[in-house]
Amino acid sequence: MTGEIAGLKVRVDVPLGRLTTFKIGGPAAILVTPENEDALRRAMTPIRDSGIPVLILGNGSNLLVSDAGFPGLVLRVGSALGGVEPEGPDRLRIGAGTLWSRVLRFVMAEGWTGLEFGAGIPGTLGGAIATNAGTRGGETADSLVSIRGVGPDGEVREIARTDLPFVYRRCELPEGYVVTSTLFAAGREDPEKVAETVRGYQAERRRDQPEREPSAGCVFKNPPGTSAGKLIDQAGLKGSAVGGAIVSEVHGNFIINRGEATADDVLRLIDQVRAGVRREFGVELELEVRRWGFGD
Ligand SMILES: Cc1cc2nc3c(=O)[nH]c(=O)nc-3n(C[C@H](O)[C@H](O)[C@H](O)COP(=O)(O)OP(=O)(O)OC[C@H]3O[C@@H](n4cnc5c(N)ncnc54)[C@H](O)[C@@H]3O)c2cc1C
């Protein structure tokens, strides 16, 4: 069933696998996609008062959704809450539903520098805030000025970067707060130079990562002082498989869905990889991928 209520697209029983880059996962009981911030604002108190559990979805590129799905409401921040606009001479306002690919197209065309590091990250800017997304070139927290978003009480709040607890690949946002836009410091630069930097990062990623196969990116956080991919490789775990899930031969920290993998296959493979790395190096790998619908 699909419907539209006051600027919200509402669908029931929606397979989440289609909305994640892993292409794995059962249905969400309800999927709500706001068409603008105002519609989201008006929806927040009724949603809170309903008592239904809520999860916030961006591009689903850091998620492992359970085979049973999620028996609650998924609030999807998509391209309707997207867009890139200069705000003064040295700031860019970017909608939370904007994909990095769109941000990169903008900065290359218009000549803005400071966000090139996001080249190749397949998520939205809202997801980038929650995960402090980053690459060798930098991370989201570096040039962020502030975020704007809506709390469960329907109030719009700006939060300064200095009040956000960014750590490696994580930022604990206030409970139930949905990011609607982001403000970044950025400078002007020759568009050709920006494009050169972006293309350099993209070429590196094409060489080092299995970008085109369904995955959720790096499964494990890098332990202090080393890389999880390197430990997995050195433990001889590349190519290990459970059902339709396999550890990538290209990058040991990627698990690939060969087409028919279940969330259960992925979890069992994660356990095997963890056990192998623990046995070989005494290191306990921590998950970077977020798990949805596993009841914990
Ligand atoms: C091929 C591949 C390569 C990748 N490479 C990188 C990389 O180089 N660096 C890196 O850091 N990550 C990488 N990732 C992981 C992923 O792209 C990032 O974590 C990304 O920031 C997730 O954004 P998303 O929009 O997909 O968020 P989702 O996966 O949809 O959600 C992730 C988390 O963010 C929260 N969230 C999403 N939107 C909002 C919002 N508007 N308000 C509040 N909370 C929100 C969700 O609730 C969830 O907890 C890669 C993934 C893949 C598949």
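Basis of the calculations
- Residues numbered from 1 in each chain as written.
- Predicted model: local features only at pLDDT ≥ 70, side-chain atom pairs only at ≥ 80, totals over all residues.
- Heavy atoms only, no water.
- Core = buried A, V, L, I, M, F, W, Y, C linked by side-chain atoms within 4.5 Å.
- Buried < 20%, exposed > 50% of the residue type's maximum accessible area, 1.4 Å probe, protein only.
- Domains from an automatic or database assignment.
- Contact = heavy atoms within 4.5 Å.
- Near = heavy atom within 4 Å.
- Polar contact = N/O pair within 3.5 Å; in protein donor to acceptor, adjacent residues only side chain to side chain.
- Nonpolar A, V, L, I, M, F, W, Y, C, P; charged D, E, K, R; others polar.
- Helix = DSSP H or I, 4+ residues; strand = E, 2+ residues; numbered from the N terminus.
- Pairing = 2+ DSSP bridges.
- 1 Å grid on protein atoms, 1.4 Å probe; cavity = no way out; pocket = protein on both sides within 12 Å on 5 of 7 lines; lining within 4 Å.
- Points joined across faces, edges and corners; volume = space filled by probe spheres on them.
- Buried area = accessible area lost by both parts, 1.4 Å probe.
- Salt bridge = Lys/Arg side-chain N within 4 Å of Asp/Glu carboxyl O.

(A) Inspection of the nonpolar core at higher detail. Counting residues in each nonpolar core, the largest one holds 48 residues, and the members touching the most others are Leu-92, Trp-100, Ile-147 and Leu-173. For this core, the two domains that each supply at least three residues are domain 1 (2-79) and domain 2 (81-208). When residues no more than four places from it in sequence are discounted, the contact partners of Ile-147 are Ile-129, Arg-157, Glu-158, Ile-159, Leu-164, Leu-173, Tyr-177, Val-179, Ser-181 and Thr-182. One finds Leu-64, Ala-216, Leu-269 and Val-289 within the second-largest nonpolar core, a separate group that totals 25 residues.

(B) Layout of the site of the ligand. Residues in contact with the ligand amount to 35 residues; listed here are only the nearest, Ile-56, Gly-58, Ser-61, Thr-124 and Gly-134. For the ligand, an oxygen atom lies 2.5 Å from a polar atom in the backbone of Ile-56. Asn-62 is positioned such that a nitrogen or oxygen atom in its backbone is 2.9 Å from an oxygen atom of the ligand. Looking at the shell around the ligand residue by residue, the class counts come to 16 nonpolar, 16 polar and three charged.

(C) View of the pairing of strand E16 (residues 178-185). With seven of eight residues buried, E16 lies mostly within the body of the structure. Note that strand E8 (residues 91-95) and E16 share five bridges and pair antiparallel. Its bridge partner lying in E16, Ile-94 is registered against Thr-182.

(D) Seen up close, the layout of surface pockets. Roughly 320 Å³ of internal volume is contained in the second largest pocket. Around the second largest pocket, the lining comprises 17 residues; the ones closest to its centre are Ser-101, Gly-120, Ile-121, Pro-122 and Gln-202. Those elements giving two or more residues to the lining of the second largest pocket turn out to be helix H2 (100-110) and helix H5 (191-208). Ranked by the residues each element gives to the lining of the second largest pocket, the list is headed by H2, at five residues. Class assignment for the residues of the lining of the second largest pocket results in seven nonpolar, six polar and four charged.

(E) Representation of the domain arrangement of the protein chain in the model. What the domain assignment lists for the protein chain is domain 1 (2-79), domain 2 (81-208) and domain 3 (228-292). A separation of 22 Å is found between the C-alpha centroids of domain 1 and domain 2. Taken together, the 17 residues of domain 1 in the interface contact 21 residues of domain 2. Of all residues in domain 1, the largest losses of buried area upon contact with domain 2 belong to Glu-37, Met-44 and Val-77, amounting jointly to 35% of the total for that side. Taken together, the links from domain 1 to domain 2 amount to one salt bridge. One salt bridge in this structure joins Glu-37 and Arg-148, with 2.6 Å as the shortest N-O distance. In this structure, the connection of domain 1 to domain 2 is made through six residue pairs in polar contact (both at pLDDT 80 or more). Residue contributions to the side of domain 1 that touches domain 2 peak at six residues, all from helix H1 (residues 37-50). Residues belonging to the side of domain 1 that touches domain 2 are distributed by class as follows: six nonpolar, eight polar and three charged.

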